[in-house]
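Remarks on the overall topology
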Amino acid sequence: MHVTKNRRNLRRTVVGALAGVLAATGMTLVPGQVSATENPVPATKGMDKGAGVKLATGERLERIPGTKGFRVAAAVGRQASGKYAFEQTDGELTVQPIGEEKPLPATTVRTDEAASGLTPYGEYGTTANQRVNFSVAGGYAVGTYISLWNTSTWTRYDVTTEQYMPRGTANVPPGTYFATIQYDYYAETRPGYLLTKTFTVGGTTANVVFDEKAAKPMGIVSDDTSARRAGAAVWLTTPNGDTVGQIGGGADRIFVSPFTMSGVTVHLHDVLTKYGSSRLRPSPYRYDLVHQFRNTVPANPVVTVKTAGLAKTVTTFHSLAGRQTASLDTYRKPADTEPFVAAQAASPVTTPGTLTEYVTPNVTFGRSLLDGGNHVQLGDRTLPTGTSAGETIGRGPLQPGAGGHSGRSATHIGLYEPYSFTDARGNQGADHEALQQYRLTSRGVTLVDSAYEGGFKTYSATVSSSSAPYEFTHTTIRRGPHARLSTRLVREWTFTSSGYSSVPRQDNFLPLLDVTFDVPSLDIRNTAAAGPVRVAATVTSRSTAATASLTGLEYSTDDGATWQPASAEGDITVGAGDRFVSLRATGRDDSGATVRTTLIRAFGGPGSVSLPDESAGGVKISGVTVNGGRPVVIDGATGQYPTDVEAAFTVTSPAGIARGGMALYKGSYERPDAVFPFQWTQCTPANATTSSCEGWLNLAPRHLVDNALAGEWKVAAWAESQDGTSYADVHAALTVRIVRPTRLTTDATPEPVAKGATLTVTGRFTVSDWLAGGYLGHPRQRVNLEFRKAGTSAYTLVGVATTDSTGKAVVALKAAYDGEYRWSAGPSWNPTTAPPVLAADAVDVR
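Okay, so let's go over this structure.

Here is what the cut-offs are and how they apply
- Residues numbered from 1 in each chain as written.
- Predicted model: local features only at pLDDT ≥ 70, side-chain atom pairs only at ≥ 80, totals over all residues.
- Heavy atoms only, no water.
- Helix = DSSP H or I, 4+ residues; strand = E, 2+ residues; numbered from the N terminus.
- Buried < 20%, exposed > 50% of the residue type's maximum accessible area, 1.4 Å probe, protein only.
- Contact = heavy atoms within 4.5 Å.
- Areas by Shrake-Rupley, 256 points an atom, 1.4 Å probe, with all protein chains shown as cover.
- Core = buried A, V, L, I, M, F, W, Y, C linked by side-chain atoms within 4.5 Å.
- Polar contact = N/O pair within 3.5 Å; in protein donor to acceptor, adjacent residues only side chain to side chain.
- Phe/Tyr/Trp six-rings, centres within 6.5 Å; stacked < 30°, edge-to-face > 60°.
- Disulfide = S-S within 2.5 Å.
- Pairing = 2+ DSSP bridges.
- Axes fitted to C-alpha atoms, helices over the stretch in contact; angles between N-to-C directions.
- Salt bridge = Lys/Arg side-chain N within 4 Å of Asp/Glu carboxyl O.
- Lys, Arg positive; Asp, Glu negative; His and termini not counted.

What follows is about the overall build of the protein chain. In terms of helices and strands, the protein chain carries 1 helix and 67 strands. With 846 residues in all, the protein chain has 52% of them scored as buried. In the protein chain, 68% of the contacts between residues at least 6 apart in sequence involve partners at least 24 apart. Here the protein chain has roughly 35,700 Å² of accessible surface; of this, 50% comes from carbon and sulfur atoms.

Moving on: the nonpolar core. As a rule of thumb, nonpolar side chains are buried together in soluble globular proteins. Ranked by size, the top nonpolar core spans 40 residues in total, and within it Leu415, Phe517, Ile572, Leu583 and Phe603 carry the most contacts. Here this core takes 4 residues from strand β48 (residues 594–604), the largest share from any one element. Sequence-distant contacts of Phe603, defined by excluding residues within four places in its chain, comprise Leu485, Val519, Leu522, Asn526, Ala528, Ile572, Val574, Phe580, Val581 and Leu583. Core analysis: the second largest hydrophobic core is formed by 32 residues, Val619, Val632, Leu664 and Ala719 among them.

For Thr313, the position within the fold is in strand β25 (residues 311–317). Judged by its relative accessible area of 2%, Thr313 is buried. Put simply, Thr313 and Tyr358 are 45 residues apart on the chain and 6.8 Å apart in space, counted from C-alpha to C-alpha. If we skip the residues at most four places from it in the chain, Thr313 touches Leu355, Thr356, Glu357, Arg381, Leu383, Ser388, Ala389 and Gly390. In terms of polar contacts, Thr313 uses its side chain to reach the backbone carbonyl oxygen of Ser388, at 3.3 Å.

Here the focus is the packing of aromatic side chains. If you walk through the whole model with that rule in mind, you get 21 aromatic pairs. Pairing Phe178 with Phe259 gives two aromatic rings, centres 5.3 Å apart and planes at 55°, and the pair type is tilted. Of this pair, Phe178 sits in strand β14 (residues 175–184) while Phe259 sits in strand β22 (residues 259–274), and the two are 81 residues apart along the sequence. Phe259 shares its class with Phe178; the two are buried. Seen in terms of ring centroids, Tyr470 and Phe495 are 5.5 Å apart; in terms of plane orientation they differ by 20°. Their pairing is stacked.

Each disulfide consists of one covalent bond between the sulfur atoms belonging to two cysteines. Applying the stated criterion across every chain, the model contains 1 disulfide. Here Cys683 pairs with Cys693 through a disulfide, and the sulfurs are 2.1 Å apart. Since a negative S-S torsion denotes a left-handed disulfide, the Cys683-Cys693 link at about 110° is right-handed. Here Cys683, found in strand β55 (residues 679–685), pairs with Cys693, found in strand β56 (residues 690–699); they are 10 residues apart in sequence, far enough to count as distant. What makes Cys693 buried here is its relative accessible area of 0%.

Take the sheet that holds strand β29 (residues 364–371) next. As summarised here, the arrangement of the 5 strands in space is β27-β26-β29-β30-β35, forming an open sheet in which the pairing is antiparallel. At either end of the open sheet lies a strand with only one pairing partner, and these are β27 (345–351) and β35 (428–431). Across the sheet, the mean angle from the axis of one strand to that of its neighbour is 25°, orientation sign disregarded. Pairing of β29 with strand β30 (residues 374–382) involves 7 bridges; the strand directions are antiparallel. In the sheet register, Asp371 faces β30, and the bridge partner there is Asn374.

Going through the model one piece at a time under the given rule, you end up with 25 salt bridges. Arg167 serves as the salt-bridge partner of Glu162, at 2.9 Å between the closest nitrogen and oxygen. Take Glu162: its relative accessible area is 39%, and that puts it in the partly exposed class. Judged by relative accessible area, Arg167 falls into the partly exposed class, the value being 33%. Glu614 is paired through a salt bridge with Arg601; the nearest N and O atoms lie 2.3 Å apart. Of the two residues, Glu614 is situated in strand β49 (residues 614–616) and Arg601 in strand β48; the sequence distance between them amounts to 13 residues. Salt bridges sharing partners connect three or more residues here, namely Glu357, Arg367, Arg381 and Glu391.

With that settled, the discussion passes to the pairing of strand β63 (residues 796–802). By the bridge criterion, 6 bridges tie strand β62 (residues 782–789) to β63 in an arrangement that is antiparallel. Bridge assignment links Glu786 to a residue of β63, and that residue is Leu797. Count of turn residues in the β62/β63 antiparallel hairpin: 6 residues, of which Gly791 carries a positive phi of about 90°.

As a further point, take the side chain of Arg659. Relative to the assigned elements, Arg659 resides in strand β53 (residues 657–667). Polar side-chain contacts of Arg659 include one of 3.0 Å to the backbone oxygen of Ile477. For Arg659, the residues in contact, after removing those within four places along its chain, are Glu433, Ala434, Leu435, Glu453, Ile477, Arg478, Arg479, Cys683, Trp718, Ala719 and Glu720.

With that settled, the discussion passes to the side chain of Asp589. Mapping Asp589 onto the fold places it in strand β47 (residues 580–589). Of the buried charged residues, Asp589 lacks a salt bridge, with Arg588 as the closest side chain of opposite charge at 6.8 Å. From its side chain, Asp589 meets the backbone nitrogen of Ala593 in a polar contact 3.0 Å long. In contact with Asp589, other than residues within four places in its own chain, are Leu513, Ser541, Ala546, Thr547 and Ala548.

Before going further, it helps to spend a moment on the sheet that holds strand β38 (residues 459–462). Taken in spatial order, the 3 strands line up as β33-β34-β38 in an open sheet, and their pairing is antiparallel. Edge positions in the open sheet fall to β33 (407–409) and β38, since each of these has one partner strand only. Averaged over all adjacent pairs, the angle separating strand axes in this sheet is 20°, with direction ignored.

Quick look at the structure:
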């Protein structure tokens with residue numbers, strides 16, 4: 001509450017309330033003085049605790065429930081209440097409007113039991129704050145975030161939460177409040193929650209308990225029954241623009257409390273893909289759907305959409321590096337009047353490949369594509385109902401973008417070229433695993449010579465304000481399975497600049513030139529066929545006052561060792577055995593600025609279907625290990641947590657090692673069926689020439705899904721020297737088995753059994769199912785029945801069987817001795833599964 005005093009010592013307050021909302025504000029009228037000369041005081045009225053008293057402005061004076069305080073609720077049609085002067089003496093409260101165009105009469109009411117005055121608080125007095133305790137009924141130990149607002153003012157109050165516990169506390173004045181709690185359990189078997197509660201704080205401590213069981217699953221479903229959630233995001237916005245969220249992100253269920261609250265909106269973004277698809281077997285289609293629950297979340301917050309009423313388009317993804325699995329991330333872009341929330345939902349897509357997209361029409365989506373270390377920012381998109389033309393993403397050559405921000409201000413030059421990895425259609429991107437090198441010189445003096453790996457950095461130099469020539473080189477070096485094309489991108493600029501140039505530049509950009517390449521005939525793998533290929537190259541200037549032109553175009557089929565000129569029309573010749581084609585172009589503008597842009601391995605040639613190991617210089621890789629040499633066992637029944645897989649190798653180079661990496665792949669290196677890059681590979685020097693490189697990745701059934709992916713995988717490893725001139729890329733450094741666990745149970749009946757009677761021993765051989773979870777019968781497997789006599793330690797073979805279609809095996813024999821029977825796997829168990837976990841059954845023979 002804001003209170004000021006006028007010259008007559010009249011206390012004034014602004015008591016806020018939303019139009020038509022008769023909920024407590026936590027703002028109370030406090031003792032003041034009303035001058036008798038300002039307005040006459042009418043007859044005293046009794047205070048109706050339920051309906052309140054209508055004031056001369058049309059607003060209502062009300063008691064705050066459970067307290068000795070009062071509030072003014074705004075009149076219908078007004079967003080907030082007006083200003084009032086007030087005083088309270090001898091059991092009466094007088095309230096007078098101020099600030100109106102003409103004087104309005106005051107209103108005096110009896111305050112009944114409040115005649116002794118209000119509880120003092122703060123400089124001008126208000127009802128004392130009360131403690132609020134928050135908890136979740138039956139909630140597990142989990143990190144939470146609790147938000148709290150007063151529903152009349154939508155003032156937000158801080159809530160202190162306990163670490164890793166669904167509890168919190170706040171101290172607030174009396175009033176009616178709206179609270180939310182959000183949390184995820186970070187486990188595939190438990191959902192995320194957004195729980196809400198409306199409650200009133202009076203004169204005592206309030207205990208607020210959120211109820212998980214009252215929450216309902218929220219989602220958008222399609223009339224296509226094969227579609228399942230692949231990713232989702234739920235967030236909440238309040239009338240004052242506050243946001244809560246996001247909940248979700250993956251395929252987990254999301255539960256939300258049903259509620260009604262004016263001005264509150266729950267936003268839902270759901271991505272659906274085909275059931276059975278996975279990170280390694282992406283869906284051929286994707287539903288990108290959004291819905292808003294305004295003011296009310298119903299008891300069944302599941303929305304069904306019809307495919308025919310959506311927008312439809314087909315998106316083509318060109319290959320950035322052989323066959324990869326990328327992640328397509330989207331978010332609903334809010335309207336200008338809404339708070340900005342980039343609540344992303346994602347699903348895997350195959351590159352190269354096509355994706356049929358069904359989208360909520362007339363909604364603008366922000367989009368990005370993450371492919372290995374490559375991050376491509378796609379343009380915003382709004383589609384109408386019906387079928388729209390498709391687009392192509394990732395078409396080569398992959399090249400530095402024209403979105404650089406290197407600039408100058410007086411005696412300061414800043415170098416910033418973030419978009420080193422842009423496709424031919426202008427979708428800007430960067431490789432976050434690339435090595436970036438910046439070098440700036442002037443008249444033989446080096447001003448900047450730096451390099452970094454990952455993210456974005458800006459380099460700067462202090463220079464003279466007078467005009468001087470400069471040379472600036474920006475190099476991007478890319479290695480690894482995700483970086484088979486555009487492995488080295490170099491831009492070399494010369495320009496003249498002064499600190500006080502009269503030539504207009506856009507935002508003080510340096511007068512640099514940009515080269516753009518396009519090769520329209522490339523296929524979906526960014527590969528050209530043998531024969532003539534046309535290359536288009538254009539040069540533009542970042543200076544609005546300069547005109548730039550292309551001065552040369554060359555190509556190379558030996559990674560830049562030798563160069564040949566293109567024809568005047570831009571035609572080059574690709575041979576049947578050429579693995580890669582590199583491009584180089586030069587340009588100049590009328591101010592004398594120049595550029596030379598080089599793309600090593602700009603696109604593939606016919607020979608790229610077979611790629612040998614590569615090396616340059618003295619880099620040597622050895623001692624590759626994965627999971628300590630053991631098979632990697634992924635249990636589809638466990639599901640809660642992924643399996644950590646560690647890998648390592650040793651690498652040597654006379655120049656020392658700068659960086660390295662590894663990847664698991666199944667199938668051929670050139671056309672793999674699936675790829676898993678090891679994350680955060682770190683190379684630690686053991687001495688000046690030798691480093692130990694370690695990496696890890698998480699594997700879970702939801703990453704694999706397809707049981708056919710069990711079996712042998714290969715490990716690719718690469719490393720690069722400190723000087724950037726030497727490297728090694730070994731495509732099949734190791735073979736690793738990724739397998740499904742198996743179980744083999746035993747049940748002997750009857751028990752106990754008479755000596756000499758028939759004993760039936762049944763076994764069930766099952767194998768983990770990566771698709772649906774749980775275990776499946778393992779058919780047509782030879783299994784051995786073994787017996788260990790009581791008092792001995794060794795098992796002996798007593799029977800052999802083959803499992804039926806359900807994995808069941810049965811042997812009948814005569815009971816002779818006390819002991820244990822067990823089934824074990826015979827020699828027919830296959831390399832796609834782990835040896836079974838065995839279970840014995842003890843038998844009492846009488």
